[in-house]
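Chains, contacts and geometry: an overview
One-letter residues, chain by chain:
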Amino acid sequence: MPIFLPETTQTTAGTLTPRQIVAELDKYVIGQHAAKRAVAIALRNRMRRQKLAPELAEEIAPKNILMIGPTGVGKTEIARRLARLAQSPFVKVEASKFTEVGYVGRDVESMVRDLVELGVDMVREERLEEIRGKAAHNAEERLLDALLPPTRSVAPDEEAGAVREQQNLTRERFREQLRAGRLDNRAVELDVREKSFPSFEIIAGSSVEEVDINLKDMLPGLFQGKTKKRKLKVPEALEYLAQEEEQKLIDMDSVARTAVERVEQAGIIFIDEIDKIAGREGGHGPDVSREGVQRDILPIVEGTTVNTKYGMVRTDHILFIAAGAFHVSKPSDLIPELQGRFPIRVELEALGKEEFVRILTEPRSALVKQYMALMETEGITLTFTDDAIHRVADFATIVNERTENIGARRLHTVMEKLLDEISFEGPDLVEKRVVIDDAYVNRMLAEIVKNEDLSRYIL
């Protein structure tokens, strides 16, 4: 079986060097050079692997990464941006959710099922782009058939060619009116399929995959849905018919096969809060549960086959990126087998004032740019002075030091409080040019930051 990555990956991220991958990540994430280097190498190794002979490529396992660092320093964002850059199916799961009451071991496999669902959506969207034009054309033809009277038979004294030409002229006239929007107020009667789904129960703690049944195959007639006549306005009818045509033109079996292959060769699973399940046996209660979760996650990271509704999925070549703060526990508290599955360890540094200033202004979707764009929708021109940005970073740093350090997430709370007044009064403001300077920041935030109890609750 040939080893390949998604078609889109080969043309975009496939040509990027590790240095270029880091440069791309720099556009969205500030600092954390060591983590970016690690993920860039992991992504490049995938590209290298696809150029090898299938026998050797099969033997090369991905080098999973363990990110260690406090909350709000960019662990999730690095993984998410990497997946977007590589056009790879990406899913984020919280390891701590598997320790909840009522936890069932097989639930851990749900991360792979979710990844396959995302893969199917990605491939389906790509196929839709390819056939959208043809589907729209077919829908238009069907709508014209419904709008125009049925073709009449040719009378003995008439010439067949002339009648056909007249009918074609009428059809083209209708097509022009349809495209110009002059028929939008007309109603048309269509056979619309009702969406019906029979109710049934699944045994608690199991899923359809676990019960190993496929109801659609067992009862094919049950899920088809009845059709009924409905009157729709022309734009609604056109949209409905286009969707119907898209469903006809897309081969879902082919989509499922491609998606499964893409997930197996290019999928990325991000396991957050892995430090919350770090713990060895010997304790009571939750400690045992934590080790149980580690043992359930282990085969998936190690390489196993998971049953999904799109077929069996092997996890041998899925890239796993785990992350945790490890305040209380250490990576060595994980069971040895799981530790061994994350050979690359990177430590992310805590963020300070200088990084906050850069986060507020440098990334493509920087916070300051977001708020300026939001206010622009109200016709308000919002301007931040350099002093104001440095002051906001100052306040965020102070609050992080005095209370819990939540990293860059503190900037969201500080900015929201800073612009609370403008966000509320925005539509009613007469003066549409607002300058946020040092004095404005002090007026809005100084009192809250000074009072530790207030900053604890408000920021």
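Everything discussed here concerns the structure shown above.
Here is a short report on the structure shown in this document. Here the structure is a predicted model, which is why all the values come from computation and not from measurement. (Residues numbered from 1 in each chain as written. Predicted model: local features only at pLDDT ≥ 70, side-chain atom pairs only at ≥ 80, totals over all residues. Heavy atoms only, no water.)

1. Notes on the packing of helix α16 (residues 386-402) against helix α17 (residues 409-418)
To characterise two packed helices, one gives the angle between the axes of the helices and the distance between these axes. For the pair α16 and α17, interaxial distance at closest approach is 9 Å and the crossing angle is 125 degrees. Here α16 is positioned oblique relative to α17, judged by the angle of their axes. Here α16 runs over α17; the crossing is right-handed. Contacts from Val392, Ala396, Val399 and Asn400 in α16 reach Arg410, Leu411, Val414, Met415 and Leu418 in α17. Within the contact of α16 with α17, the residues separate by chemical class into seven nonpolar, one polar and one charged. (Axes fitted to C-alpha atoms, helices over the stretch in contact; angles between N-to-C directions. Helix = DSSP H or I, 4+ residues; strand = E, 2+ residues; numbered from the N terminus. Parallel < 35°, antiparallel > 145°, perpendicular 65-115°, else oblique. Left-handed = near helix turned anticlockwise from the far one by under 90°. Contact = heavy atoms within 4.5 Å. Nonpolar A, V, L, I, M, F, W, Y, C, P; charged D, E, K, R; others polar.)

2. Points about a nonpolar patch on the surface
A contiguous nonpolar surface patch, about 220 Å² in accessible area, is contributed by Leu52, Leu56 and Ile60. Inspection of the secondary structure puts isoleucine 60 in the loop between α4 (54-59) and β1 (65-68). (Patch = residues over 30% accessible without salt bridge, like charges linked within 9 Å, V, L, I, M, F, W, Y side chains within 5 Å. Areas by Shrake-Rupley, 256 points an atom, 1.4 Å probe, with all protein chains shown as cover. Salt bridge = Lys/Arg side-chain N within 4 Å of Asp/Glu carboxyl O.)

3. Some words on the pairing of strand β6 (residues 305-308)
The two faces of the sheet receive side chains in turn, since in a regular strand these alternate between them. In β6, alternate side chains face the same way, and those of Val306 and Thr308 are buried while those of Thr305 and Asn307 on the opposite face are not. Across four bridges, the pairing between β6 and strand β7 (residues 311-314) is antiparallel. Bridged to threonine 305 within β7 is arginine 314. Two successive antiparallel strands, β6 and β7, enclose a turn made up of two residues. (Buried < 20%, exposed > 50% of the residue type's maximum accessible area, 1.4 Å probe, protein only. Pairing = 2+ DSSP bridges.)

4. Considering the pattern of salt bridges
Applying the stated criterion across every chain, the model contains 33 salt bridges. Notably, a salt bridge pairs arginine 142 with glutamate 245, separated by 2.9 Å at the nearest N-O pair. Of this pair, arginine 142 sits in helix α6 (residues 110-147) while glutamate 245 sits in helix α10 (residues 234-249), and the two are 103 residues apart along the sequence. The exposure class of arginine 142 is partly exposed, given its relative accessible area of 30%. Under the relative-accessibility criterion, glutamate 245 is labelled buried at 6%. The closest approach of N and O atoms between arginine 391 and aspartate 394, which form a salt bridge, is 3.6 Å. Highlighted residues: arginine 391 and aspartate 394, both in helix α16, separated by three residues, approximately one helical turn.

5. What to know about the environment of alanine 408
When you line up the elements, alanine 408 lands in the loop between α16 and α17. A C-alpha to C-alpha distance of 8.3 Å links alanine 408 and alanine 396, two positions 12 residues apart in sequence. Not counting the four nearest positions on each side in its chain, alanine 408 is found in contact with Gly72, Leu351, Phe356 and Ile359.

6. Concerning helix α5 (residues 75-86)
Relative to the 16 Å expected for 12 residues at 1.5 Å per residue, α5 spans 17 Å between its end C-alpha atoms, a close match to the ideal helical length. The element α5 is largely enclosed, with a buried count of nine among its 12 residues. Buried residues of α5: Lys75, Thr76, Ile78, Ala79, Arg81, Leu82, Ala83, Leu85 and Ala86, and no others. After α5 finishes, the residue glutamine 87 shows a positive phi value of roughly 55 degrees. (Expected span 1.5 Å × (residues − 1).)

7. What about the layout of surface pockets?
As a volume, the second largest pocket reaches approximately 710 Å³. Every residue lining the second largest pocket is counted, 31 residues in all, and those nearest its centre are Gly72, Gly74, Glu77, Ala408 and Arg409. Contributions of two or more residues to the lining of the second largest pocket are made by α5, α15 (367-376) and α17. A per-element tally of the lining of the second largest pocket places α5 first, with five residues. (1 Å grid on protein atoms, 1.4 Å probe; cavity = no way out; pocket = protein on both sides within 12 Å on 5 of 7 lines; lining within 4 Å. Points joined across faces, edges and corners; volume = space filled by probe spheres on them.)

Remember, this is a structural readout, not a statement about activity or role.
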